[in-house]
Amino acid sequence: MDQHNPSIRDEALALLRSGITNRATAGLLNVPRGTVGWWLHEDRKRRGVQYVKPTDCPACTGRNLDHTAYAYLLGLYLGDGHIISKPEQHHLSIFRGDGWPGLTDEAEPAMRRVVPVPRTGRRHRNGCVEVKSSSP
């Protein structure tokens, strides 16, 4: 049962439809992210919107692979990275020490050049930064 004011839900949906992320919407309206995600899911279902996960995988689409960026990411991954592979989602994480800001600044754009569709971001941890990419 949704215990939030319907006007807050409507405001959240307007923000989401304008392109604001679930996280940002939740923060702006002081609503849990899970609630915002549920509202979006229910809104799409009610409107008959089919959500299709985007892909820009070179192997799947025939798109040319940026070999230089791929080799750079491979080197970073072999140094301090890991991949988590789930049935419908893959995560590449590369950890860089705070003393190497240039490597951190180059990792995120390299991830976008290899597979432009995934979400990328940074998470600051004690003494290091995790640069993460998630894609279908």
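Treat the numbers as computed from the prediction; the structure is a model and nothing was measured.

1. Points about the overall build of the protein
Here's step 1: Looking only at helices and strands, one finds six helices and four strands in the protein.
Here's step 2: In terms of overall dimensions, the protein is more spread out than a globule: its C-alpha atoms have a radius of gyration of 18 Å, far above the 14 Å expected for 136 residues.
Here's step 3: In terms of its C-alpha atoms, the protein occupies a principal-axis envelope of roughly 50 × 40 × 25 Å.
Here's step 4: Expressed as a percentage of the 136 residues in the protein, the buried residues total 29%.
Here's step 5: Within the protein, residue pairs in contact and separated by at least 24 positions form 51% of the contacts whose partners lie at least 6 positions apart.
Here's step 6: Of the roughly 9000 Å² of accessible surface on the protein, 54% is carried by carbon and sulfur atoms.
Here's step 7: The positive charge centre, built from 19 side chains, and the negative charge centre, built from 14, are 4 Å apart in the protein.

2. So, the sheet that holds strand S4 (residues 128-135)
Here's step 1: The sheet built from four strands is open, its strands ordered S1-S2-S4-S3 with antiparallel pairing. Single-partner strands in this sheet number two, and they are strand S1 (81-86) and strand S3 (119-125). Geometrically, the sheet is characterised by an average inter-axis angle of 20 degrees between neighbouring strands, direction not taken into account.
Here's step 2: The pairing of strand S2 (residues 89-97) with S4 spans eight bridges and is classified as antiparallel. Opposite Ser93, over in S4, you have Lys132 as the bridge partner.
Here's step 3: Running over the sheet, helix H5 (residues 67-80) touches S1 and S2 and is turned about 75 degrees from S2.

3. Quick word on the pairing of S3
Here's step 1: With seven bridges connecting them, S3 and S4 associate as antiparallel partners. Counted as the bridge partner of Arg123 is Glu130 from S4.
Here's step 2: Linking two consecutive strands that pair antiparallel, namely S3 and S4, is a turn of two residues; a positive phi of about 85 degrees is found at Gly127 within it.

4. Here's the deal with the packing of helix H1 (residues 6-17) against helix H2 (residues 22-29)
Here's step 1: Taken N-terminus to C-terminus, the directions of H1 and H2 make an angle of 145 degrees; their axes are 10 Å apart at the nearest point. Considering the relative orientation of H1 and H2, their crossing is right-handed. Of the residues in H2, those in contact with Ile8, Glu11, Ala12, Leu15 and Leu16 of H1 are Asn22, Thr25, Leu28 and Leu29.
Here's step 2: A class-by-class count of the residues in the contact of H1 with H2 yields six nonpolar, two polar and one charged.

5. A closer look at the nonpolar core
Here's step 1: Residues Ala69, Leu73, Leu76, Leu92, Ile94, Ala107, Ala110, Met111, Val114, Val115, Val129 and Val131 constitute the largest nonpolar core, which totals 12 residues.
Here's step 2: Those elements that place two or more of their residues in this core are H5, S2, helix H6 (101-114) and S4.
Here's step 3: No other element matches the four residues that H6 contributes to this core.
Here's step 4: Those residues in contact with Leu76 that sit more than four places away from it in its chain are Gly81, Ile94, Arg96, Leu103 and Ala107.
Here's step 5: Within the second largest apolar cluster, nine residues are counted, among which are Ala12, Leu13, Ala26 and Leu40.

Criteria and cut-off values
Residues numbered from 1 in each chain as written. Predicted model: local features only at pLDDT ≥ 70, side-chain atom pairs only at ≥ 80, totals over all residues. Heavy atoms only, no water. Helix = DSSP H or I, 4+ residues; strand = E, 2+ residues; numbered from the N terminus. Rg over C-alpha atoms; globule rule 2.2 N^0.38 Å. Buried < 20%, exposed > 50% of the residue type's maximum accessible area, 1.4 Å probe, protein only. Contact = heavy atoms within 4.5 Å. Areas by Shrake-Rupley, 256 points an atom, 1.4 Å probe, with all protein chains shown as cover. Lys, Arg positive; Asp, Glu negative; His and termini not counted. Charge placed at Lys NZ, Arg CZ, Asp CG, Glu CD. Pairing = 2+ DSSP bridges. Axes fitted to C-alpha atoms, helices over the stretch in contact; angles between N-to-C directions. Left-handed = near helix turned anticlockwise from the far one by under 90°. Nonpolar A, V, L, I, M, F, W, Y, C, P; charged D, E, K, R; others polar. Core = buried A, V, L, I, M, F, W, Y, C linked by side-chain atoms within 4.5 Å.

Geometric values such as these leave the question of function open.
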